[in-house]
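If you want the building blocks of each chain, they are given just below.
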Amino acid sequence: ALADDNITSCRMAVAPMAARLRWLWLTLLCAVVTDGSGDIKESGVNAASGSKRIAWIGNSYTFFHDLPRMVTSIAASATPAVNFTHVQVTPGGSSLFQHANMSTSMGKDTYSMLTSAAAKPDYVVLQDQSETAGGGRNEDAHCLVPGLARNLSLAALRSFYPTLISEAGAVPVLYSTWGRRDPQTDDAVNKDLYTDFEVMTRLTTEGYQMYRAALDTATSTPGWTKTAPCGAAFEVVYNQTTDPLKTGSQFYNLYNEGSAGHGGHPSPEGSYMIACVFFMTLTGQSPVGLPWAPPGIDAPERAMLQQAAHDAVAAE
């Protein structure tokens with residue numbers, strides 16, 4: 001039996017199925033989203049004619065630099081334009097199994113977003129806490145036994161998400177993330193498991209492959225789930241950079257500087273590349289040559305990031 005206090009506190013973060021059923025009546029009447037602070041607010045986004053709505057479930061890897069709005073802006077710059085709107089529940093540090101905990105406000109917000117007629121998503125993006133998919137210890141949820149947090153997310157992906165997403169008529173899209181730039185200095189609790197960027201990215205990618213299998217198996221629908229290979233795009237840039245850990249290199253600049261970069265958080269350049277991955281994953285169209293990029297990203301850098309995103313998705 002697992003009796004470690006860390007395991008107990010981790011398990012307390014997940015409501016049992018009976019508790020989930022007791023909370024089903026708590027669906028809210030309007031779509032809600034969380035901003036970067038985790039506060040609840042009205043979406044305020046009206047779907048344009050012919051638009052597709054994306055529901056984002058994740059954490060700071062999603063709300064940094066307003067990734068959902070970046071995806072919308074990139075899509076709007078395509079010819080012909082692609083219209084996306086979005087809602088999101090993305091409190092910092094949250095895990096997929098915590099989003100499925102109906103005894104918390106976050107779990108109820110996630111449930112409401114997936115079931116509200118006002119929100120009605122076409123795509124549901126699922127992004128786990130960055131240490132979790134690779135089988136690491138999840139500091140944010142106090143799951144300090146390797147693999148435990150991933151098992152909890154896998155359980156949620158088999159029981160909580162498939163019915164809600166399929167009943168909404170939506171398609172699940174896994175946001176497959178990347179390794180820390182240098183896990184030895186930026187992930188002390190997992191440095192025995194995540195020895196470097198390449199190892200952490202490989203293990204994380206393998207974890208998201210397990211997530212995809214769990215979703216597809218739960219619905220007996222092979223190929224139902226899409227994967228946005230964002231970690232693979234980071235690998236493309238890593239492999240084409242002569243000295244990737246050198247300050248100022250193309251790969252180095254995919255991460256935020258200073259405390260904002262702790263935890264592998266992307267820079268504006270990193271978020272833009274991720275947005276390009278999502279654009280191609282959702283539309284099947286290459287981002288190469290699209291005109292939109294946020295301020296501060298010049299034409300050569302825009303082209304490099306678009307090409308890295310294209311290469312990663314094309315290899316998926």
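Conventions used here
Residues numbered from 1 in each chain as written. Predicted model: local features only at pLDDT ≥ 70, side-chain atom pairs only at ≥ 80, totals over all residues. Heavy atoms only, no water. Helix = DSSP H or I, 4+ residues; strand = E, 2+ residues; numbered from the N terminus. Buried < 20%, exposed > 50% of the residue type's maximum accessible area, 1.4 Å probe, protein only. Contact = heavy atoms within 4.5 Å. Areas by Shrake-Rupley, 256 points an atom, 1.4 Å probe, with all protein chains shown as cover. Axes fitted to C-alpha atoms, helices over the stretch in contact; angles between N-to-C directions. Parallel < 35°, antiparallel > 145°, perpendicular 65-115°, else oblique. Left-handed = near helix turned anticlockwise from the far one by under 90°. Nonpolar A, V, L, I, M, F, W, Y, C, P; charged D, E, K, R; others polar. Salt bridge = Lys/Arg side-chain N within 4 Å of Asp/Glu carboxyl O. Polar contact = N/O pair within 3.5 Å; in protein donor to acceptor, adjacent residues only side chain to side chain. Pairing = 2+ DSSP bridges. Phe/Tyr/Trp six-rings, centres within 6.5 Å; stacked < 30°, edge-to-face > 60°. Core = buried A, V, L, I, M, F, W, Y, C linked by side-chain atoms within 4.5 Å.

Visitor: Explain the overall build of the protein here, please?
Guide: Within the protein, the secondary structure is distributed over 13 helices and seven strands. The buried share of the protein, taken over its 316 residues, is 55%. The long-range fraction of contacts in the protein, counting pairs at least 24 apart against all pairs at least 6 apart in sequence, stands at 72%. When the accessible surface of the protein is totalled, it reaches about 12,800 Å², and 53% of it is carbon and sulfur.

Visitor: What should I look at first to understand the packing of helix α11 (residues 230–240) against helix α13 (residues 299–314) in this one?
Guide: Between two packed helices, the angle of one axis relative to the other and the distance separating the axes together describe the packing. Their axes nearest at 8 Å, the elements α11 and α13 cross at an angle of 120°. Here α11 is positioned oblique relative to α13, judged by the angle of their axes. The chirality of how α11 crosses α13 is right-handed. Judged by residue contacts, Ala-232, Ala-233, Val-236, Val-237 and Gln-240 of α11 engage Met-304, Ala-308, Ala-309, Asp-311 and Ala-312 from α13. Taken together, the residues of the contact of α11 with α13 sort by class into eight nonpolar, one polar and one charged.

Visitor: Whenever I open this one, the pattern of salt bridges confuses me. Can you help?
Guide: Proximity of charged atoms lets side chains of opposite charge pair with each other. By the definition in use, this model includes five salt bridges. Ionic pairing is found between Asp-66 and Arg-69, a salt bridge with its closest N-O pair at 3.2 Å. Classification of Asp-66 as partly exposed rests on a relative accessible area of 30%. Here Glu-206 makes a salt bridge to Arg-202, at a shortest N to O gap of 3.5 Å. One end of the pair is Glu-206 and the other is Arg-202, both in helix α10 (residues 197–219) and four residues apart, which spans about a single turn.

Visitor: I tried to follow the side chain of Asn-101 on my own but got confused; where do I start?
Guide: Residue placement: Asn-101 occurs in the loop between α5 (96–99) and α6 (105–115). Here the side chain of Asn-101 touches Ser-103 through a polar contact of 2.6 Å, side chain to side chain.

Visitor: What am I meant to see in the sheet that holds strand β4 (residues 84–89) here?
Guide: Judged by pairing direction, the sheet is parallel, and its five strands sit side by side in the order β4-β3-β5-β6-β7 without closing on themselves. Of all strands in the sheet, those with a lone pairing partner are β4 and β7 (226–229), marking the two edges. Averaged over all adjacent pairs, the angle separating strand axes in this sheet is 25°, with direction ignored. One ladder, built from six bridges, connects strand β3 (residues 52–57) with β4; its direction is parallel. Counted as the bridge partner of Ile-54 is His-86 from β4. Sheet strands in contact with α10 are β5 (123–126), β6 (171–176) and β7, and its direction is about 165° off that of β6.

Visitor: I tried to follow the packing of aromatic side chains on my own but got confused; where do I start?
Guide: Aromatic ring pairs are described here by two measures, namely the spacing of the ring centres and the angle between the planes. A complete count under the given rule lists 14 aromatic pairs for this structure. Seen in terms of ring centroids, Phe-197 and Phe-251 are 4.8 Å apart; in terms of plane orientation they differ by 70°. Their pairing is edge-to-face. Of this pair, Phe-197 sits in helix α10 while Phe-251 sits in the loop between α11 and α12 (268–283), and the two are 54 residues apart along the sequence. Among the residues examined, Phe-197 registers a relative accessible area of 2% and is labelled buried. Classification of Phe-251 by relative accessible area gives buried; the value is 0%. Ring geometry for Tyr-238 and Phe-251: centres 5.0 Å apart, planes at 85°, overall edge-to-face. Linking Tyr-238 in helix α11 with Phe-251 in the loop between α11 and α12, this pair joins segments that are 13 residues apart in sequence.

Visitor: Is there a simple way to explain the nonpolar core in this structure?
Guide: The nonpolar side chains of soluble globular proteins are, as a tendency, buried together. In this structure, Tyr-175, Trp-178, Phe-234, Met-273 and Phe-278 are the most contacted members of the largest nonpolar core, which totals 45 residues. Put simply, the parts of the chain that give this core at least two residues each are β3, α4 (67–76), β5, β6, α11, α12 and α13. Counting residues per element, this core draws most heavily on α12, which supplies ten residues. Excluding residues within four positions of it along the chain, Phe-278 makes contact with Trp-56, Leu-67, Val-71, Val-125, Val-173, Tyr-175, Ala-228 and Cys-230. Grouped together as the second largest cluster of nonpolar side chains are 36 residues, Ala-55, Phe-97, Tyr-111 and Leu-114 included.

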